[in-house]
Each structure stands twice: as structure tokens, then as C-alpha cells.
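So you can see what is in the structure, the chains are spelled out below.
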Amino acid sequence: MTVYLANRLPSKEELASGNGLPKEARSPCFRCLYPVPPAANTVQGCSEAGVFGVVPGIIGTMQAAEVIKLITGIGTVHSGRLFILDMERNLTRTVTLRNPRSDCAACGEKTKLTQDSIPSMNYVEFCGAPDHDKAPSVNLQRFRNRITVQELDRWRKSNTPHMMIDLRPEVEVELCRLKPCLYFPFKILLRDSVISQIYTELKENLEKSSKRPFPIVLLCHRGNKSRVGALQLASAICSFQNRQSQADLLTAGDEVANTVETNTPEFVVCDVAGGLAAWASEIDPEFPSY
């Protein structure tokens, strides 16, 4: 959305965008190339897709070099061309762009964009995406066994018996984690082998602790997947206890979650509101935030 905003008015000033494309009279602007933004659900932001850390620095340095060349008039700028950098394979490629569109909303001959019309245009609505790159916290469903990061912090400091399971992908777990904790990505949580490991760990904790119901605490990045996982895991453990078949276990989804009591006399499955993002912002400022 930032690039669309930067191209909102026809201008004689050059724009060195993230792909090294300066905007000049003889070059197409971003709106020439992409007059309509892609559907919001087809594009991932940096917080979802991740960023190869060195790439923004390399591209930013190249943008600065383009600006210096434009100011000083030395060298050859990437006017009308798109420079593509593939760091994974150490390849570069330059593509010649088409001519500017005569009907472009930003730089076309009949553009209706003016300084006065900008405030009335909703670019958040136009792009179909939020004006930031943070994934929103989604209220997926009501679930009574939800604890706050403050409660989890008190449990940890007072050594209250509990068992934690991190549902994030491996790459996120390697970045930061709370210990001690089991690690099972959300997508494999209901596998028979995973439920077996969790149940074995649960039985060991039940033998060591008299706390009933014994808390199983699920963690994720922002507290959304852990909420769904809490309902599913409670049902799956109940199914495992009842010695149901593997097929019954793997299909223990929303229907079972709605019919099987999520609390048992021995254990309760909880999730943490806000997840590790809330832990970083409210409990431990030194915990990595991503």
C-alpha cells in the first residue's frame, strides 16, 4: 500500500521504489504496472512470509545509489527497467518495462487525482489490506479455559505444576522459546504419535503432582491457533484415554470438540491470550518480538 500512496499524484520528482524503479516522465510508475492491487488474501506481509534479513539492506543501498545518481547526474539509472535480485541462487536479472499507461490513475494524461482529492480516497479500502504489517488478533471462538500472560508468569514464578506445549513452526521456535516446553507444530497436533507423546508426558506429571485438574498450557505466536488447538487437544486426549481407533483420533475436530467435555477430573487444556507476542510486550521486554 505504501507504494500506491507514493504514486498517488503525478509529479516531476523521481521515486526510487523498493524494486529500484525511479519514476520519471519517460518511465512507468507503480500504478502503471499494477493499476489494481491483488486480492488481500493472496499477498503475505513480512510478518507472515518472513524476510531474508540482508535483502532489504542490499535493496535499500541500491535505492540510495539510484538517488545519488539522479541528483548528481552521473552514471546510468534504472529508468524504465526492473532489477530483480535472487539471493537464494545469487542471480540478478534486468527486465525492460513497458511504456507508461496513458490512462494511468496516477500519471496518465487524464488523471483525476489532485491534491484536494487525496484525503477523500481510502487507500486501506482500495488495497484491501490494513495500513500496517501486523497480523491482527482474531477472536475465533469463546473458550472458558483461557489464561493471561500474567497468570502464566505467576505460575512459572511460583513453580505451579503445569505442562506447556508450543504450537509454532520450528523456525519460530528456534528464534525464541519459553522453557521447559514441548514443541509440536499446530499442523501435526492431532497425529496419533503426537497425542501419544503428550499423554505419556501428562501421565508422568500426574504421578509427580497432586494438582487437579492438571493444566496443559498451549502457546502460539498471537494466541489464535492455540485457542483452536486447546479444544482439539482436549478432545483428542479424551479419545486416546477411551482407546478409540487412530481414525477416530485423527478426525476428532470441531464436532468432537463440541460434544466432549474439555475438562476432565485429571487435566484441563488451556491457551494463553495473546500468545508469545503478549508475553514479549507485557511480561518480558527482552523476549524477541517478531
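Residues numbered from 1 in each chain as written. Predicted model: local features only at pLDDT ≥ 70, side-chain atom pairs only at ≥ 80, totals over all residues. Heavy atoms only, no water.

As recorded by an unreviewed UniProt entry, the chain carries the name Adenylyltransferase and sulfurtransferase and is attributed to Fasciolopsis buskii.

Details of the packing of helix α6 (residues 149–157) against helix α12 (residues 275–282)
Where we set the bar: Orientation is described by lines fitted to C-alpha atoms, with helices fitted over the stretch in contact, and by angles between N-to-C directions that extend from 0 to 180 degrees. In this description a helix means any DSSP run of H or I spanning at least four residues, a strand means any run of E spanning at least two, and both kinds are numbered starting from the N terminus. Roughly parallel refers to an angle under 35 degrees, roughly antiparallel to one over 145, roughly perpendicular to one between 65 and 115, and oblique to any angle outside these ranges. The contact criterion used throughout is that any non-hydrogen atoms of two residues lie within 4.5 Å. Side-chain classes follow a simple rule in which Ala, Val, Leu, Ile, Met, Phe, Trp, Tyr, Cys and Pro form the nonpolar group, Asp, Glu, Lys and Arg form the charged group, and the remainder, Gly included, forms the polar group.
Here α6 crosses α12 at 75°, and the two axes come no closer than 10 Å. As judged from the angle between their axes, α6 and α12 are roughly perpendicular. When α6 is examined against α12, the residues V149, Q150, L152, D153 and R156 are found in contact with a partner set consisting of G275, A278, W279 and E282. Classifying every residue of the contact of α6 with α12 by side-chain character gives 4 nonpolar, 2 polar and 3 charged.

Here we look at the sheet that holds strand β4 (residues 163–166)
Heads up, the condition is: Strand pairing requires that DSSP identify at least two bridges connecting the strands.
In spatial order, the strands read β3-β7-β6-β4-β5; together these 5 strands make up an open sheet with parallel pairing. Only two strands of the sheet have a single neighbouring strand rather than two, namely β3 (146–147) and β5 (182–183). Sitting on the sheet, helix α8 (residues 192–208) is in contact with β4, β5, β6 (214–219) and β7 (267–272), with an inclination near 160° to β4.

So, the pattern of salt bridges
Close approach of charged atoms lets side chains of opposite charge pair. The cut-off we apply is this: We define a salt bridge as a side-chain nitrogen of Lys or Arg found within 4 Å of a carboxyl oxygen belonging to Asp or Glu. Between buried and exposed lies partly exposed: a residue is buried under 20% and exposed over 50% of the maximum accessible area for its type, with that area taken using a 1.4 Å probe on protein chains only.
In total, this model carries 6 salt bridges according to the counting rule given. Note that D271 is salt-bridged to R146, the shortest N-O span being 2.4 Å. With D271 in strand β7 and R146 in strand β3, this pair connects stretches of sequence that are 125 residues apart. Residue classification places D271 among the buried residues on the basis of a relative accessible area of 0%. Residue R146 is classed as partly exposed on the basis of its relative accessible area of 24%. Put simply, D153 and K157 hold a salt bridge, and the shortest N to O gap is 3.2 Å. Note that D153 and K157 are positioned in helix α6 at a spacing of 4 residues, about one turn of the helix. According to the relative accessible area criterion, D153 is buried, its value standing at 14%. On the basis of relative accessibility, which here comes to 66%, the residue K157 falls in the exposed class.

Concerning the nonpolar core
A general trend in soluble globular proteins is that nonpolar side chains are found buried together. Here is the rule: Note on terminology: a nonpolar core comprises buried Ala, Val, Leu, Ile, Met, Phe, Trp, Tyr and Cys residues joined through side-chain atoms within 4.5 Å.
In this structure, I165, I198, L202, I216 and L233 are the most contacted members of the largest nonpolar core, which totals 24 residues. Counting residues per element, the ones that place at least two in this core are β4, α8, β6, α9 (225–241) and β7. Residue contacts for L202: discarding those within four places in its chain leaves M163, F214, I216, I237 and F267. In terms of nonpolar packing, the next biggest core, distinct from the first, is built from 18 residues, I147, M164, L219 and C270 among them.

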